[in-house]
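Results of the structural survey
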2 protein chains.
Amino acid sequence: MDFSVQIREKGLKVTPARLSVIEVLSEGNQAFAHAELEKIFDTMDRVTLYRILNDFEYVGLVHKIVDAEGITRFALCKKSCPDKHHTDDHVHFNCQICHKMFCLDKVHEPQINLPNGFKAERLQTLIYGLCNSCNAA
Amino acid sequence: MDFSVQIREKGLKVTPARLSVIEVLSEGNQAFAHAELEKIFDTMDRVTLYRILNDFEYVGLVHKIVDAEGITRFALCKKSCPDKHHTDDHVHFNCQICHKMFCLDKVHEPQINLPNGFKAERLQTLIYGLCNSCNAA
DNA sequence: CCTATCTTTGCAACAAAGTTGCGTTTAGAT
DNA sequence: ATCTAAACGCAACTTTGTTGCAAAGATAGG
């Protein structure tokens, strides 16, 4: 996995800041909140982090998930998402114990029947519960 | 529908502010954002509105939904939700044209198979698309 | 109907989350 | 090595939500 190539392919310049962000995001199958990343990169400017994440989302390197508490998290896209409006077609799981947010890439969004006249364009499923490691403990 | 009774039954005092909030929330099948309600009740203090909504949620008169953009909305519960942690077991629909958020009371949350070890406690489905009136137009 | 008490309200101040503008630095193409 | 557009850091600002406290209001009891 050469992140430099991925970044450059999306038309963004490769910088140390961007590389370190994408590296952290690639660890585990998790989505990270801005606050968490801010702690990890304690020397990086808050604004720079916001811009890196938003740029990454814009070009389709990461996707954004907002949980029921309104906390925004970012996760690396697996296959390159189509630019801009990418429908991350998988379910997200938020553990109530460790509070990690997982991308369940293999669990796809369900089919849902809507009332007459309603037309679905995009779906987002968020599941709360116990993740595999917290459940075992 | 006597809202006064509902409010008093939940152990809250009946005040003009609370009555007007619950009346607006009962219009249509929609969820209202704080910002929208603030415009409607332009004389009411911002903090009071926050407290009314939070109190209503706490006692189970309304439920809270956060959309993919992180906007928090409040909707009246149909059957009285169980106090505190009420799982509003219905799907929410956000129209991309009129930006209204609808509670599709008759569309229940789907069943989803999780990977081994994961245990679902609560589910939240959010659908984006065209609502019946915007779709017709 | 009046009073006492506990709740609710309004105000001010604060905290967290996110955005914008601008001057400086840096990536990378020539 | 030079040049230019992109990225960064800083300061300031907006939006969203919370907390403490004094004043006003709801309702149960006399």
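Further up the page is the structure itself.
Reference entry: report on the structure contained in this document. (Residues numbered from 1 in each chain as written. Chains lettered and ligands numbered in written order. Predicted model: local features only at pLDDT ≥ 70, side-chain atom pairs only at ≥ 80, totals over all residues. Heavy atoms only, no water.)

Contacts between the two partners involve 34 residues from chain B, matched on the other side by 34 residues from chain A. Where chain B abuts chain A, roughly 2,800 Å² becomes buried across the two surfaces, and 64% of that area is made up of carbon and sulfur atoms. For the interface between chain B and chain A, the tally reads 0 salt bridges. Sorting the residues of the side of chain B that touches chain A by element identifies strand E4 (91–95), strand E5 (101–104), strand E6 (119–130) and helix H5 (132–136) of chain B as the ones contributing at least two each. Looking at the side of chain B that touches chain A, the element that brings in the most residues is E6(B), giving 12 residues. Considered class by class, the residues forming the side of chain B that touches chain A number 19 nonpolar, 10 polar and 5 charged. In this sheet, E6(B) lies alongside strand E6 (residues 119–130) of chain A in antiparallel orientation, the contact comprising 11 bridges. Bridge pairing links Ile127(A) to Leu123(B) in E6(B). (Contact = heavy atoms within 4.5 Å. Buried area = accessible area lost by both parts, 1.4 Å probe. Salt bridge = Lys/Arg side-chain N within 4 Å of Asp/Glu carboxyl O. Helix = DSSP H or I, 4+ residues; strand = E, 2+ residues; numbered from the N terminus. Nonpolar A, V, L, I, M, F, W, Y, C, P; charged D, E, K, R; others polar. Pairing = 2+ DSSP bridges.)

The phi dihedral of His99(A) is positive, around 60 degrees, even though this residue is not glycine. As for its position among the elements, His99(A) is in the loop between strand E4 (91–95) and strand E5 (101–104).

With that settled, the discussion passes to the protein's contact with DNA strand D. If you check the shell around DNA strand D, you find 20 residues, and the closest are Thr15(A), Arg18(A), Thr48(A), Arg51(A) and Arg46(B). For DNA strand D, the fraction of protein-proximal atoms (within 4 Å) that sit in sugar or phosphate groups is 58%. Taking Lys13(B), its side chain carries an N or O atom lying 3.5 Å from a base nitrogen of DNA strand D. Within the residue set of the surface near DNA strand D, elements represented by two or more residues are helix H2 (16–25) and helix H4 (46–59) of chain A together with helix H4 (46–59) of chain B. Classifying every residue of the surface near DNA strand D by side-chain character gives 8 nonpolar, 4 polar and 8 charged. (Near = heavy atom within 4 Å. Polar contact = N/O pair within 3.5 Å; in protein donor to acceptor, adjacent residues only side chain to side chain.)

This part takes up the packing of helix H2 (residues 16–25) of chain B against H4(B). All names here are of chain B. The interhelical angle for the contact between H2 and H4, taken along N-to-C directions, is 65 degrees, at an axis separation of 11 Å. The angle between H2 and H4 places the two elements in the roughly perpendicular class. Helix-helix and strand crossings are classified by hand; for H2 and H4 the assignment is right-handed. Here Ala17, Arg18, Val21, Ile22 and Leu25 of H2 lie close against H4, whose contacting residues are Leu49, Ile52, Leu53, Asp55 and Phe56. Tallied by class, the residues present in the contact of H2 with H4 amount to 8 nonpolar, no polar and 2 charged. (Axes fitted to C-alpha atoms, helices over the stretch in contact; angles between N-to-C directions. Parallel < 35°, antiparallel > 145°, perpendicular 65-115°, else oblique. Left-handed = near helix turned anticlockwise from the far one by under 90°.)

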